[in-house]
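# Overview (structure and organization)
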Amino acid sequence: MTTTTTTIMVIRIPMGTPIPMGIPMGIRMTEGACPLPNPPPLREGGDLALPCAAGEGGTRAAGGWGPVSATHLTKLLAWLSPSFPVGGFSYSHGIEAAVEQGLVRDRDTLARWMDGILRHGAGRTDGMLFVAAHRAVLAGDEESFAWAVERADAMRASSETALESRAQGQAFLIAVRAAWPLEGMERWDRVIADSGRPVAYAVAVALAAALIGVPEGPALSAYLHAFAANLVSAGVRLVPLGQTDGQKALAALDSVVHSAAEAALAAPLDDLGSRAMAVDWTSMIHETQYTRLFRS
């Protein structure tokens, strides 16, 4: 006898909301089997349960992409907002030294510099480690999560980029624990403590996103967008640029953010690493720069 297992994606539809076109007729309202950890109970109006394409192990939507509920979206917006207390405004990821050296001097050079960071620098390595940590949490794989914590802490080209990642990661989890307590966080806190290493910002955000059930693709895209926006803001202050030029630079990077996210989702961990040597160099020389506004 053959047993067929169907993975179910649960989409919450409030009472009275019209069902969008394209959903097969005859779908019944049911709690079903949800691939997310600790699925929420049914609310008034029920959940619309749809079969979804399973990823590896049948636990993720195909390619790591899937719907994000309004509740989860607002959590991501809050956590990745400039107002979230991680201190992101104080880090430039070496852009301050790049401006000092004349490598970043206007909107176009800022956008090109950020393109390199996203595709070949921290955007690449942190993106891959974000995905590794997210998948480990969904799978309940403590060993793989500890591996991601260790690699994310070690793979920093300079002491200042290490500080940037560690300080924001620790501040992020402190704020989440205090204001947005998440079911299951204690288990992964123990794994982090047992690793003996501070948690990197990318891994911390991946952990929180996985615990609330946001698929890895949208979660990573949101993280990389926030990372890019923060560094563009630093560039606006350092060059200096007008606010409109800052927004034009960020708009030019939008497709780069999505491309970097897709590359991180598809890349095997054997390819983990960066190749943004100029970015690493500016981060290193920033450590001894005479006049500095930023910590990195």
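Anything mentioned here points back to the structure above.
So, here is what we can say about the structure in this document. (Residues numbered from 1 in each chain as written. Predicted model: local features only at pLDDT ≥ 70, side-chain atom pairs only at ≥ 80, totals over all residues. Heavy atoms only, no water.)

### Let's talk about the environment of Ala136
Stated formally: Secondary structure follows DSSP: runs of H or I at least 4 residues long count as helices, runs of E at least 2 residues long count as strands, and numbering of each begins at the N terminus. Exposure classes here rest on a 1.4 Å probe applied to the protein chains alone. A residue is buried below 20% of its type maximum, exposed above 50%, and partly exposed in between. In this analysis, two residues are considered to be in contact whenever any of their non-hydrogen atoms come within 4.5 Å of each other.
Along the chain, the position of Ala136 falls in helix H4 (residues 122-139). Take Ala136: its relative accessible area is 4%, and that puts it in the buried class. For the pair Ala136 and Trp147, spaced 11 residues apart in the sequence, the C-alpha separation amounts to 9.5 Å. Apart from residues lying up to four places away in sequence, Ala136 is in contact with Asp141, Ser144, Phe145 and Trp188.

### Focus on unusual backbone geometry
Leaving glycine aside, a negative phi is the common case for residues, and trans is the common case for peptide bonds. Of note, the bond from Val239 into Pro240 is cis; its omega dihedral lies within 30 degrees of zero at -5°. Positionally, Pro240 belongs in the loop between helix H9 (216-238) and helix H10 (243-252).

### As for helix H6 (residues 159-179)
The test is simple: An expected span of 1.5 Å times one less than the residue number is assigned to each helix.
The terminal C-alpha atoms of H6 lie 30 Å apart, and with 21 residues this matches the ideal 30 Å at 1.5 Å per residue to within 8%. Every buried residue belonging to H6 is among Glu160, Thr161, Ala162, Glu164, Ser165, Gln168, Gly169, Ala171, Phe172, Leu173, Ala175 and Val176, and all of these are buried. Those residues of H6 hidden inside the fold are in contact with helix H1 (70-79), helix H7 (185-195), helix H8 (201-212), H9 and helix H12 (277-286).

### Details of the packing of aromatic side chains
Keep this limit in mind: Centres within 6.5 Å are what make two rings of Phe, Tyr or Trp a pair, Trp counting through its six-membered ring; a difference in plane orientation under 30 degrees is then read as stacked, over 60 as edge-to-face, and the rest as tilted.
Summed over the entire model, instances satisfying the criterion amount to seven aromatic pairs. Measuring from ring centre to ring centre gives 5.6 Å for Phe130 and Tyr223, while their planes differ by 35°; the resulting arrangement is tilted. Separated by 93 residues along the polypeptide, Phe130 in helix H4 and Tyr223 in helix H9 bring together distant segments of the chain. Across the pair, exposure class does not vary: Phe130 and Tyr223 are buried alike. Arranged with centres 5.1 Å apart and planes meeting at 65°, the rings of Phe145 and Trp188 form a pair that is edge-to-face. Note that Phe145 is positioned in helix H5 (residues 142-154) and Trp188 in helix H7, a separation of 43 residues in sequence. Using a relative accessible area of 0% as the deciding quantity, one classes Phe145 as buried. Cluster of aromatic residues (ring-pair linked, three or more members): Trp79, Phe84, Phe130, Phe172, Trp180, Tyr201 and Tyr223.

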